[in-house]
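A look at the structure
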Amino acid sequence: MTIALRTLLDRSVKKMGKGMNPVVKASALEMVERAYTEGIAVQISAGHRSMEEQAELYGRGRAYSYNGKNYSNVAKSIVTNAKPGQSYHNYGLAIDFFIVSDDGKRAIWTVDSKWQRVAAIGKDLGFKWGGDWSSFKDYPHLEMTGGLSFTQLQAGKEPHLPFKLEKMEMPKTCKGDSLVISIQKTLNSRYKTNIEGDGDYGPETRSALIKGLQTELNQQYNKKLVVDGKWGPKTKSATVALKKGAAGNITWILQAALYMKGFNPGALDGDFGGNTESALFQYQKASKISADNIAGQETWNDLLA
Ligand SMILES: [Zn+2]
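It should be emphasised that the depicted structure is a prediction, and the values quoted were computed from it without experimental measurement.

Before going further, it helps to examine the packing of helix α1 (residues 5-16) against helix α2 (residues 22-37). For the pair α1 and α2, interaxial distance at closest approach is 10 Å and the crossing angle is 150 degrees. Of the possible angle classes, the one that applies to α1 and α2 is roughly antiparallel. Judged by the sense of rotation from one axis to the other, the crossing of α1 with α2 is right-handed. Along the contact surface, α1 presents Leu 5, Leu 8, Leu 9, Ser 12, Val 13 and Met 16, while α2 presents Lys 25, Ala 28, Leu 29, Val 32, Glu 33 and Tyr 36. Of the residues in the contact of α1 with α2, the class split is nine nonpolar, one polar and two charged.

Within a regular strand, side chains alternate between the sheet's two faces. Of all seven residues that make up strand β4 (residues 94-100), seven are buried, and the element is covered over most of its length. Judged from the three bridges that link them, β4 and strand β7 (residues 141-143) form a sheet pairing that is antiparallel. Residue pairing in the sheet places Ala 94 in a bridge with Glu 143 of β7. The antiparallel pairing of β4 with strand β5 (residues 107-108) creates a hairpin that spans six residues between the two strands, and Gly 104 there sits at a positive phi of about 80 degrees.

What follows deals with the packing of aromatic side chains. Here the structure, examined in full by the defined rule, presents seven aromatic pairs. Seen in terms of ring centroids, Phe 97 and Trp 115 are 5.0 Å apart; in terms of plane orientation they differ by 40 degrees. Their pairing is tilted. Here Trp 115 lies in helix α4 (residues 113-124) and Phe 97 lies in strand β4, a separation of 18 residues in the sequence. Assigned by exposure class, Phe 97 and Trp 115 land together as buried. Every member of this aromatic cluster is reached through a ring pair, and the members are Phe 97, Phe 98, Trp 109 and Trp 115. Above the plane of the ring of Trp 252 lies Arg 190, whose end atom (NZ or CZ) is 4.9 Å from the centre.

Okay, the domain arrangement of the protein next. Under the domain assignment, the protein is made up of domain 1 (5-49 + 87-154) and domain 2 (178-304). A separation of 31 Å is found between the C-alpha centroids of domain 1 and domain 2. Contacts between the two partners involve seven residues from domain 1, matched on the other side by seven residues from domain 2. Approximately 580 Å² of surface area, both sides summed, lies buried where domain 1 meets domain 2, with 53% of it carried by carbon and sulfur atoms. When the buried area of domain 1 at its contact with domain 2 is split by residue, Arg 6, Pro 22 and Lys 25 rank highest and sum to 62% of it. Viewed at the interface, domain 2 and domain 1 are joined by zero salt bridges. In this assembly, domain 1 and domain 2 are joined by zero residue pairs in polar contact (both at pLDDT 80 or more). Among the secondary structure elements, those contributing two or more residues to the side of domain 1 that touches domain 2 are α1 and α2. Among the residues making up the side of domain 1 that touches domain 2, the classes are represented as four nonpolar, no polar and three charged.

Estimated volume of the second largest pocket: approximately 420 Å³. If you go around the second largest pocket, you meet 18 residues; those closest to its centre are Thr 80, Ala 82, Phe 136, Asp 138 and His 141. In terms of residue class, the lining of the second largest pocket is made up of eight nonpolar, six polar and four charged.

Moving on, we get to α2. Compared with an ideal rise of 1.5 Å per residue, which puts 16 residues at 22 Å, α2 spans 23 Å between its outermost C-alpha atoms and is within 8% of the ideal. Buried residues dominate α2, accounting for twelve of its 16 residues. For α2, every residue scored as buried is listed here: Val 23, Val 24, Lys 25, Ala 26, Ser 27, Ala 28, Leu 29, Glu 30, Met 31, Val 32, Arg 34 and Ala 35. Gly 39 lies just past α2 and shows a positive phi near 85 degrees.

What follows concerns helix α9 (residues 249-260). Here α9 spans 16 Å end to end across twelve residues, near enough to the 16 Å set by a 1.5 Å rise per residue. Most of α9 is tucked away, with eleven of its twelve residues classed as buried. Taken together, the buried positions of α9 are Ile 250, Thr 251, Trp 252, Ile 253, Leu 254, Gln 255, Ala 256, Ala 257, Leu 258, Tyr 259 and Met 260. Contact partners of the buried residues in α9: α1, α6 (178-191), α7 (203-221), α10 (274-286) and α11 (297-304). Among the residues trailing α9, Gly 262 stands out with phi positive, at a value near 95 degrees.

So, about the pattern of salt bridges. One side chain can pair with another of opposite charge once the charged atoms of both are near each other. Counted by the stated rule, this structure contains seven salt bridges. Asp 124 serves as the salt-bridge partner of Arg 34, at 3.5 Å between the closest nitrogen and oxygen. In this pair, Arg 34 sits in helix α2 while Asp 124 sits in helix α4, placing the two residues 90 residues apart along the sequence. Judged by relative accessible area, which is 48%, Asp 124 ranks as partly exposed. A salt bridge links Glu 38 to Arg 117; the shortest N-O distance between them is 2.7 Å. Of the two residues, Glu 38 sits in the loop between α2 and β1 (42-46) while Arg 117 sits in helix α4, which places them 79 residues apart along the sequence. Owing to a relative accessible area of 36%, Arg 117 belongs among the partly exposed residues under this scheme.

Parameters and conventions
Residues numbered from 1 in each chain as written. Predicted model: local features only at pLDDT ≥ 70, side-chain atom pairs only at ≥ 80, totals over all residues. Heavy atoms only, no water. Axes fitted to C-alpha atoms, helices over the stretch in contact; angles between N-to-C directions. Helix = DSSP H or I, 4+ residues; strand = E, 2+ residues; numbered from the N terminus. Parallel < 35°, antiparallel > 145°, perpendicular 65-115°, else oblique. Left-handed = near helix turned anticlockwise from the far one by under 90°. Contact = heavy atoms within 4.5 Å. Nonpolar A, V, L, I, M, F, W, Y, C, P; charged D, E, K, R; others polar. Buried < 20%, exposed > 50% of the residue type's maximum accessible area, 1.4 Å probe, protein only. Pairing = 2+ DSSP bridges. Phe/Tyr/Trp six-rings, centres within 6.5 Å; stacked < 30°, edge-to-face > 60°. Lys NZ or Arg CZ within 6 Å of the ring centre and 35° of its normal. Domains from an automatic or database assignment. Buried area = accessible area lost by both parts, 1.4 Å probe. Salt bridge = Lys/Arg side-chain N within 4 Å of Asp/Glu carboxyl O. Polar contact = N/O pair within 3.5 Å; in protein donor to acceptor, adjacent residues only side chain to side chain. 1 Å grid on protein atoms, 1.4 Å probe; cavity = no way out; pocket = protein on both sides within 12 Å on 5 of 7 lines; lining within 4 Å. Points joined across faces, edges and corners; volume = space filled by probe spheres on them. Expected span 1.5 Å × (residues − 1).

Right, here's the structure in full:
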């Protein structure tokens, strides 16, 4: 295959959009990754869909236009039977996928053995597949419902979903990674460190991240840490817990540390948003620490020790 896994993952993240349930999102990406190791290039084409988007989709094939004389169908066929609120996509619990050519340039919609294999991987991860439905088969569709009805979801009930990524191996960034180089440059200028901007995440860069964190904790929280770039119990207990909505240099350090471990928080902008939360969640699951979407002592220790 000439298409890179990272490209397939990045495209999929973009298509799923914001508002995805983190388990569904992480499982979808895991499916893309597992299929890739079996030589199948697959991409997620849709994820979360707002009520407005669902209404628009429902209207397709049902809409009529008037040309002054008579009414005619705008679209030829109906796309979905699901009204707004009646699709698991509306709750970030469903995804659609398609196969792409080995160079990543063409979408392939043939439901063949490759397609079936991807669906099987998805089912293994806890998804239900639209291709198994008896009435209307929806081959690209995978969903996790947690057994909840639309009424329950509309009432704000949160599904409890199975997370089956125990075997997930941690991806590593590779040498020469341009984002790592930019992290190294920022560390050097912001914290007066002197690391080589080689894009390689090694002990030097990790130590610079710790120095950065120690500096910020001293400045922002009046901690009296020795800024030595070494991880120890004092630094660990001085860390602050970060969650969605946090912003600033410490959040940036968290994002950089996650990225170095191979979990992409989206933009390294110092804003703890949905992408950072999802990267954190995936990291916590993969490292078998409590996946609570909060970067607390346990997470900091795991990232930097
Ligand atoms: Zn779907």
